[in-house]
Each structure stands twice: as structure tokens, then as C-alpha cells.
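Single-letter residue listing:
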Amino acid sequence: MKTLSLVLNAHSGTTRELGKDKVLDAVHGSADWAKVIVHDCSETFEERVSKACAEPSDYIAVAGGDGTAAAVLNELVRTNCRTPVIPLPLGTANLLPKRLYGDRSIETILKEAPDYPIEPLHAGEVEGHLFFCALMAGFPVRFGQAREALRPDGEGRQPGRALTYLRQALRAFGQTRMRLTLDDDDVRKLRRANALMTIPGGAGAMIHGARPGEEVLEHVFTHTEDLSDALGALTGFLGEMLNMGELNPMRSEHSAVLDGPSKITVMLDGEVLTLKTPIRICLKANAALFAAPEVEA
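Residues numbered from 1 in each chain as written. Predicted model: local features only at pLDDT ≥ 70, side-chain atom pairs only at ≥ 80, totals over all residues. Heavy atoms only, no water.

A look at the sheet that holds strand β11 (residues 217-222)
Alright, step 1. One open sheet holds the 6 strands; their spatial order is β12-β11-β10-β7-β14-β15, and the pairing between them is antiparallel. The open sheet has two edge strands, β12 (250-252) and β15 (271-276), and neither has a second partner. Direction aside, the axes of adjacent strands within the sheet are offset by 25 degrees on average.
Alright, step 2. In terms of strand pairing, strand β7 (residues 135-138) meets strand β14 (residues 263-268) through 3 bridges, oriented antiparallel. The residue bridging L135 from the neighbouring strand is L268, located in β14. (Pairing = 2+ DSSP bridges. Helix = DSSP H or I, 4+ residues; strand = E, 2+ residues; numbered from the N terminus. Axes fitted to C-alpha atoms, helices over the stretch in contact; angles between N-to-C directions.)

With respect to the nonpolar core
Alright, step 1. Counting residues in each nonpolar core, the largest one holds 49 residues, and the members touching the most others are L4, I86, L88, F132 and F290.
Alright, step 2. By residue number, the principal contributor to this core is strand β3 (residues 59-64), which donates 5 residues.
Alright, step 3. Dropping the residues within four chain positions of it, L88 is found in contact with L6, A61, V62, G64, N94, P97, I106, I109 and L110.
Alright, step 4. Of all hydrophobic cores here, the second largest spans 20 residues; its members include L180, L217, I279 and I281. (Core = buried A, V, L, I, M, F, W, Y, C linked by side-chain atoms within 4.5 Å. Buried < 20%, exposed > 50% of the residue type's maximum accessible area, 1.4 Å probe, protein only. Contact = heavy atoms within 4.5 Å.)

Here we look at the environment of G124
Alright, step 1. Along the chain, G124 turns up in strand β5 (residues 118-126).
Alright, step 2. Residues G124 and L268, 144 residues apart in the sequence, show an inter-C-alpha distance of 9.1 Å.
Alright, step 3. Contacts of G124, omitting those with residues within four sequence positions, involve H129, L130, F131, P200, L217 and C282.

Quick word on the pattern of salt bridges
Alright, step 1. According to the stated counting rule, one finds 8 salt bridges in the structure shown.
Alright, step 2. Between E112 and R104 there is a salt bridge, with the nearest N and O atoms lying 3.2 Å from each other.
Alright, step 3. Two residues, D259 and R179, come together in a salt bridge whose shortest N-O distance is 3.5 Å. Of this pair, D259 sits in strand β13 (residues 255-259) while R179 is found in strand β8 (residues 178-182), placing the two residues 80 residues apart along the sequence.
Alright, step 4. Take D259: its relative accessible area is 24%, and that puts it in the partly exposed class.
Alright, step 5. Since its relative accessible area comes to 26%, R179 is described here as partly exposed. (Salt bridge = Lys/Arg side-chain N within 4 Å of Asp/Glu carboxyl O.)

Focus on the packing of helix α3 (residues 45-54) against helix α4 (residues 66-78)
Alright, step 1. At a minimum axis separation of 9 Å, α3 and α4 run at an interaxial angle of 50 degrees. Between α3 and α4, the angle falls in the class oblique. The interaxial crossing formed by α3 with α4 has right-handed handedness. Contacts between α3 and α4 involve F45, V49, S50 and C53 from the first element and T68, A71, V72, E75 and L76 from the second.
Alright, step 2. Each residue belonging to the contact of α3 with α4 can be placed in one class, and the counts come to 6 nonpolar, 2 polar and 1 charged. (Parallel < 35°, antiparallel > 145°, perpendicular 65-115°, else oblique. Left-handed = near helix turned anticlockwise from the far one by under 90°. Nonpolar A, V, L, I, M, F, W, Y, C, P; charged D, E, K, R; others polar.)

Let's talk about the packing of aromatic side chains
Alright, step 1. Taken as a whole and judged by the stated rule, the model has 3 aromatic pairs.
Alright, step 2. Taking 5.5 Å as the distance between ring centres and 80 degrees as the angle between the ring planes, the aromatic pair formed by W33 and Y59 counts as edge-to-face. Of this pair, W33 sits in the loop between α2 (20-30) and β2 (34-40) while Y59 is found in strand β3, placing the two residues 26 residues apart along the sequence. Side by side, W33 and Y59 carry an identical accessibility label, which is buried.
Alright, step 3. An angle of 75 degrees between the planes, with centres 5.3 Å apart, marks the rings of F132 and F290 as edge-to-face. Here the residue F132 occupies a position in the loop between β6 (129-131) and β7, and F290 occupies one in strand β16 (residues 279-291), the gap between them amounting to 158 residues. (Phe/Tyr/Trp six-rings, centres within 6.5 Å; stacked < 30°, edge-to-face > 60°.)

Next comes the structure, spelled out in C-alpha cells:
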């Protein structure tokens, strides 16, 4: 019998909404092919995540949100552990689970998991923080936060917080001026942009789910002057298929440096950080292993 380590964060989005007991029942009932070892990180988060990553197992499943998955993946990469990860859609945005599993339920994912291929994914890295789907900077970050604040969860909708984020988005739309230098080449430095998305492996990797894509960072770096264009750009940034052709992506093989205001707020796979500039974005090829289904061409 296989061993499945389950990192459980009962405070994350859907996990909190469903309740810890219901989540555990679903995991034990669906992963009957494995001995499930539960690591409840709801209180002693870092300690339990470290223990879960250090103990030998065949798979590590994450019952939490994008932040919990990021903590597990950062610890695995830090310790050079190659245990395959199964991030379950139990947070709010669930960016990585949606990329890997589409609309599959946690029960379906866990039942099918033993038959899934194991694939590495490329990651981007910013100041020790990994991202496997996308980095965003500029006004789309605040729009994204506003959207999440309006989603119903365990705390209910938060219209006041959403309005604050919308005001910040409009301010960033009008004021943010970012510059991006690709692979330390000053000739390839672009100016006056107010929105950025960076995808490790390129947009094709996002479309094909669990495939790593090319060993590149693909950047959509754009500036728009009026709000209607901004909303159109936002749709392009956050849309599931990412119409990259119209947004003219650029590529760097190793890294890119983002500069502009003294501080820039970025979103890494749904997690928001405010960082001092300049910010170096690096490619980490084949950073971690995942169990996920093949995507038909």
C-alpha cells in the first residue's frame, strides 16, 4: 500500500467552509489505495509543513489554498525533496489545482491519483517565493483581490474590502510605471507599463496543465491609458486560456528584473506580496514534481 501525507490547513477557503471532518472523510474514502498520514498545520503551520515534507511518503497532498500549497512546495524545493505533490482544490482561487486538474473534485483527483503520470513543472522565483502558474504586478493584482473579496467563503462576502482594493487598482492604473529588463540586457528594457504577467514555461504550459513547457519565463508587459482598455487587458490577463498572441509576450531564458516605484505589489499564484524594487524574477527549471492527468491535444 502507498503512503499519502496530507497537509491540512483547516483555515483555508473551501476547507473552512466544508469543515475539517468532512474533508478528512472525503480524503480517507477516496484514497483507499493509500495509508493516509494527516499533518494538521492549522496551528503550528511551519513546523507541521516541515515535518510533512521530511517524512518519507509516496505522495504529498495539500488540503488547503494556494498559500498552503506554496508553503509545501517551497519547503520541498528548499530540501531538494522530489516527492510528487497533489494540490487539492480546497482554497479560494485554487490556481494550481485548476491548472493541473481542471474542474475535477477532490474525490475524483484522489481516486485517480495512482494512475496519474508524474511530471516536473518549471517555477518562477521571487526573493525565495516560488510560483508555478503566474506572477502578476500592477493594477490587475488589486482587481484580483477585489474579485476574491466578493467571493462567498467562510467569512462571507466583504464588499468594504473589495471597494478598498478597487480604489487601489484605479490608483495603480493611473500611477504605476514599471520597467522590465530581460536577462540583464538593457536594450530589452521596456518602459511605462502598468500591468505585468510572467508565466514559467510559457502560456502553452498553462493550457496543457501538467506539462512543464519550455525552459523560459514568458512575460506580458503592457501599458494602457484608458479604463476600458484596462478592463480588456484584465480579461486577457485573468482569462483561462490567456490570449497571449494579442498581448505580444516576450521571453527571457534565465531571469528578468522588474523596477519602478520603490515598492510593487505582486501576486504569486494567488498569494499577494509587497516587495521593494528592483525585483529579480528567476526561472527554476523542473522545480517540483506533480501527479496529474495527461491533457489531450
